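So you can see what is in the structure, the chains are spelled out below.
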Amino acid sequence: MNYAPAEALLPLMPEAGETRSVVVAQLGQTLDGRIATVTGASKYINGYQALDHLHRLRAHVDAVLVGVSTVVADDPRLTVRRVDGKHPARVVIDPNGRLPADWGGLSDGAAPVYVITRPDLTPPPPAIAVPLEPEAGGFAPDAIVAALHALGLRRILVEGGADTLARFLDAGAVDLLHVLVAPMILGSGKEGFRLAPVDSLDEALRPVTRVHAFDDGDVLFTCDLRRSWQRD
């Protein structure tokens, strides 16, 4: 693994292609792989420099994507506040029409809101519906990426939650993964990675990875899922 300054990791994000948007995902977790306590408390597991890095990621993409459960639980704005840059569009995956009409992201005017939902549902205004036919267990990540590409959203950040991230990883729909690990041990709580089981180590993801330690203790792993490392 190679070490690099955090700022130098951002240009490593792959360029979007003409036919497919590039997908970057991020996850903040503890040393023991937890993203929240058993009661759901998660603010803030990661430190201030990790939050700055997350906001830099937002400033480098066209859209930030989350599941509706993240909106309901955390009421996030998904904007660029800690760094300079343009606010990305907000995209919410909402197959059952659960997006609260009083969510602050609908009224702050910072950036457009798109809602991935079933054709028979209408999200609360001023959100823009992006209708998709669901498959078993939800919407196919590749179909979501294609729909956002058609809207001109060519660089997408999958920010949460764990179930949404798992679906994108299991589908092979993530190009670059940023994992922010905090020097904290919970011993219980919600796991960050809950992927489909594998039978052998040959089936494990082995991304080429760079590492950066922030001054306030967090460690950033930047994983290129398009490239795999091999043991000698």
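This is a predicted model, so every value here is computed, not measured. (Residues numbered from 1 in each chain as written. Predicted model: local features only at pLDDT ≥ 70, side-chain atom pairs only at ≥ 80, totals over all residues. Heavy atoms only, no water.)

**A look at unusual backbone geometry**
No. 1: The amide bond that connects Lys-43 to the next residue, Tyr-44, takes the cis arrangement and shows omega of -10°.
No. 2: Positionally, Tyr-44 belongs in the loop between strand 3 (34–36) and helix 2 (48–59).
No. 3: Cis peptide bonds are those with omega within 30 degrees of zero, and the linkage from Pro-125 to Pro-126 qualifies with 5°.
No. 4: At Asp-75, a residue that is not glycine, the phi angle is positive and equals roughly 50°.
No. 5: In this fold, Asp-75 is placed in the loop between helix 3 (68–74) and strand 5 (89–93).
No. 6: Phi at Leu-78 takes a positive value of approximately 60°, unusual for a residue other than glycine. (Helix = DSSP H or I, 4+ residues; strand = E, 2+ residues; numbered from the N terminus.)

**Quick notes on helix 2**
No. 1: End to end, helix 2 covers 17 Å across 12 residues, agreeing with the expected 16 Å (1.5 Å per residue, within 8%).
No. 2: Listing the buried residues of helix 2 in full gives Ala-50, Leu-51, His-53, Leu-54, His-55, Arg-56, Leu-57 and Arg-58. (Expected span 1.5 Å × (residues − 1). Buried < 20%, exposed > 50% of the residue type's maximum accessible area, 1.4 Å probe, protein only.)

**As for helix 4 (residues 141–150)**
No. 1: Along helix 4, the positions that sit buried rather than exposed are Pro-141, Ile-144, Val-145, Ala-147, Leu-148 and His-149.
No. 2: Positive phi appears at Gly-152, one or two residues downstream of helix 4, with a value of about 90°.

**Observations regarding the pattern of salt bridges**
No. 1: As enumerated under the stated definition, the model contains eight salt bridges in all.
No. 2: One salt bridge in this structure joins Asp-175 and Arg-20, with 2.9 Å as the shortest N-O distance. Here Arg-20 lies in the loop between helix 1 (6–9) and strand 2 (22–30) and Asp-175 lies in the loop between helix 5 (162–170) and strand 9 (176–182), a separation of 155 residues in the sequence.
No. 3: Owing to a relative accessible area of 11%, Asp-175 belongs among the buried residues under this scheme. (Salt bridge = Lys/Arg side-chain N within 4 Å of Asp/Glu carboxyl O.)

**Looking at the pairing of strand 11 (residues 207–213)**
Along a regular strand, successive side chains alternate from one face of the sheet to the other.
No. 1: Examined bridge by bridge, strand 11 and strand 12 (residues 219–228) share seven bridges and lie antiparallel to one another. Following the sheet pairing, Val-208 is matched in strand 12 by Asp-224.
No. 2: From the end of strand 11 to the start of strand 12, which pair antiparallel, there are five residues, and Gly-217 there has a positive phi angle of about 115°. (Pairing = 2+ DSSP bridges.)

**A short note on the pairing of strand 5**
No. 1: The element strand 5 is extensively covered by neighbouring structure, given that five of its five residues are classed as buried.
No. 2: Here strand 4 (residues 63–67) pairs with strand 5 via five bridges, running parallel. Residue pairing for strand 5: Leu-65 is matched across the bridge by Val-91.
No. 3: Once the chain exits strand 4 it traverses helix 3 before rejoining the sheet at strand 5, and the crossover so formed is right-handed.
No. 4: When strand 5 meets strand 6 (residues 113–117), the two strands line up parallel, connected through four bridges. Across the sheet, the residue bridging to Arg-90 is Val-113, located in strand 6. (Right-handed = clockwise from strand over helix to strand, strands pointing away.)

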